[in-house]
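Observations on the model geometry
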Amino acid sequence: MIQSIDPAVCTGCGTCTKTCPLDVFRLDTDQETRSPCMAACPAGADIRASNYLIQQGRLDEAAEKYLEVQPFPAITGRVCFHPCESACSRAKVDAPVNINAIEQILGDRSLDFPAEEPVRRHIGRVAVVGSGPAGLSCAYFLARMGYPVTVYESMPNPGGMLRYGIPAYRLPDAVVERQVERLERMGVVFRCGTRVGEGGDVTLSELKRRGFRAVMLAPGCSAARRMAIEGGDADGVHWGLDFLKACRGDQQPVLEGAVVVVGGGDVAVDAAITARRLGASSVSIVCLESRAEMPAYPHNQQDAEDEGITIRCGYGPSRVTVGNGRVSGIEFSACTSLRDEQGRFAPVFDESETLVLPAEHVIFAIGQAAELEGFARDVQVEAGRIAVEPVTFASSRWGVFAAGDAATGPSSVVSAIAGGRECAFSIDRMLKGADLTGERTRVRETVPEDRLPGEGITEEPRHERGRAALTPQAPFAEKLLPLDLEACFAEALRCMTCGSRSRITYTDDCMTCFSCELHCPSGAIFVHPFKERFARTLDQIEPAGEQGARISE
């Protein structure tokens, strides 16, 4: 029978739980050290524990594990840049676990969970300004804590950049709407079409007078950054985020002919793909950076090329050519360097090397900025961002907190969600009169590199999501198809649950088959060659009716 597992040798790879025919083992995933994927996730999702729950067929519990720290896996499962996969130690064996695809499955499953109806525990009202990922996250966690929350949104519908900045082929409206409806059932109140700040419909001071004990600012970076360029005011010139917002609203432009997108980030890629799906005959992306330096994530770059979009690197725009008041093309100069000796952004151009592209439309997607003029009198604004404390997300004004792109600069959806959660924790502690930092300054260590599993693990193929065929009838239908449940289980089984600890749970079921000891990659398991130690031997048994007699050999 199984006699021992050496904890100093066990890496928690889970091979024993997967190979034992009688289900003798269990894993302890709640460990002091984090797995590499957990450490890489900006929201700190317990991916290790979630995948182990899926291995046991406990999908609802796996989804709940995500919701503990990240309330919108249905959204991030579609739009996250999945840094967890880049850190996945499974890559040393074959390929990273498809964590993002699993997250989408769990997220969609969580949308069908019964709506939470938290008990109202507090009377202190909280206002959240902005209904993007940071604002929605903050509202969710505060509502779960029992606070009355009101969310103010300047646009006609909640969702912020989730609804107006990310194309529908990546994040359908229905997914955002279901998340908002869930928050409404939790008691969160949405006030749309209301701009907060000086010159808006209500000021921060007015919110305080209305009885809000705390305010969380999450206006995002919703303004397209513009540049002064010859011909930039011609008909046919569009600006990144403004273009995407128009496409998600009622002002969808009609694009015909060639389109050139200027910029190398994800907004540029989204604008290019959107233009292609709106009917442009050809679309090119032109950016300053080299291909390796492009800010757009590699998988998004690949999506653009898969749709027939050309990417040209190393050029910056010099002027837009105009004919009869309308765009006819755009000229570029070669970019010889991006930064100066101090590492600051300072592109240098060689005007003798040019690129001229004909175009009926030019879309400048050269960055975005937060619209903070309305808050400048109330909170400290530095370099176009709301200045906040790094741990508490507290602003310069007591009782006002900020997170998301307006506080950190343009970042990812999952980072904004994490920031909104931290704001909620800080607001809770402030309203209770506690120290704002609490225990959140404590950082858990990551499993050391030399203690990660990998050696001796059997190779297994990675399962990828399929892609829906693009049809003229539904050009903005969701492109990624979810994994089926069989593939989801297979991907979860590929997870090596790094840093977990195996324990012998059902000793009596062991049949001493030695499978666990033979398959353990780290040699941590010792199986005793006998089922059990017999308390007595055959010559000690007294047959019935022959008291005192013994059976001899």
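Residues numbered from 1 in each chain as written. Predicted model: local features only at pLDDT ≥ 70, side-chain atom pairs only at ≥ 80, totals over all residues. Heavy atoms only, no water.

**Concerning the sheet that holds strand 10 (residues 282-287)**
Strand order in the open sheet formed by 5 strands is 8-15-9-10-11, with parallel pairing between adjacent strands. Lying at the two open borders of the sheet, with one neighbouring strand each, are strand 8 (237-239) and strand 11 (310-313). Strand-to-strand twist in this sheet, taken as the mean axis angle between neighbours without regard to direction, amounts to 20°. As defined by bridge partners, strand 10 adjoins strand 11 across 4 bridges and the pair is classed as parallel. In the strand pairing of strand 11, Cys287 is matched with Cys313. Against the sheet, helix 12 (residues 240-248) engages strand 8 and strand 15 (361-364), with an angle of about 90° to strand 8. Against the sheet, helix 13 (residues 266-277) touches strand 9 (258-262), strand 10 and strand 15, its axis set at about 170° to strand 10. (Pairing = 2+ DSSP bridges. Helix = DSSP H or I, 4+ residues; strand = E, 2+ residues; numbered from the N terminus. Axes fitted to C-alpha atoms, helices over the stretch in contact; angles between N-to-C directions. Contact = heavy atoms within 4.5 Å.)

**Regarding the confidence of the model for the protein**
Chain-level statistics for the protein give a pLDDT mean of 91 and a share of 95% at 70 or above. Note on residues 534-538: pLDDT is under 50 here. Beyond four places in sequence and across chains, it has 1 contact. (pLDDT = per-residue confidence, 0-100.)

**So, the pattern of salt bridges**
Scanning the entire structure with this criterion turns up 33 salt bridges. Arg210 is the partner of Glu206 in a salt bridge, and the nearest nitrogen-oxygen pair spans 3.3 Å. Exposure remark for Glu206: the relative accessible area of 25% places this residue in the partly exposed category. The exposure class assigned to Arg210 is partly exposed, which follows from its relative accessible area of 40%. Each of the salt bridges in this network shares a partner with another, and the network as a whole consists of Arg90, Asp94, Glu491 and Arg494. (Salt bridge = Lys/Arg side-chain N within 4 Å of Asp/Glu carboxyl O. Buried < 20%, exposed > 50% of the residue type's maximum accessible area, 1.4 Å probe, protein only.)

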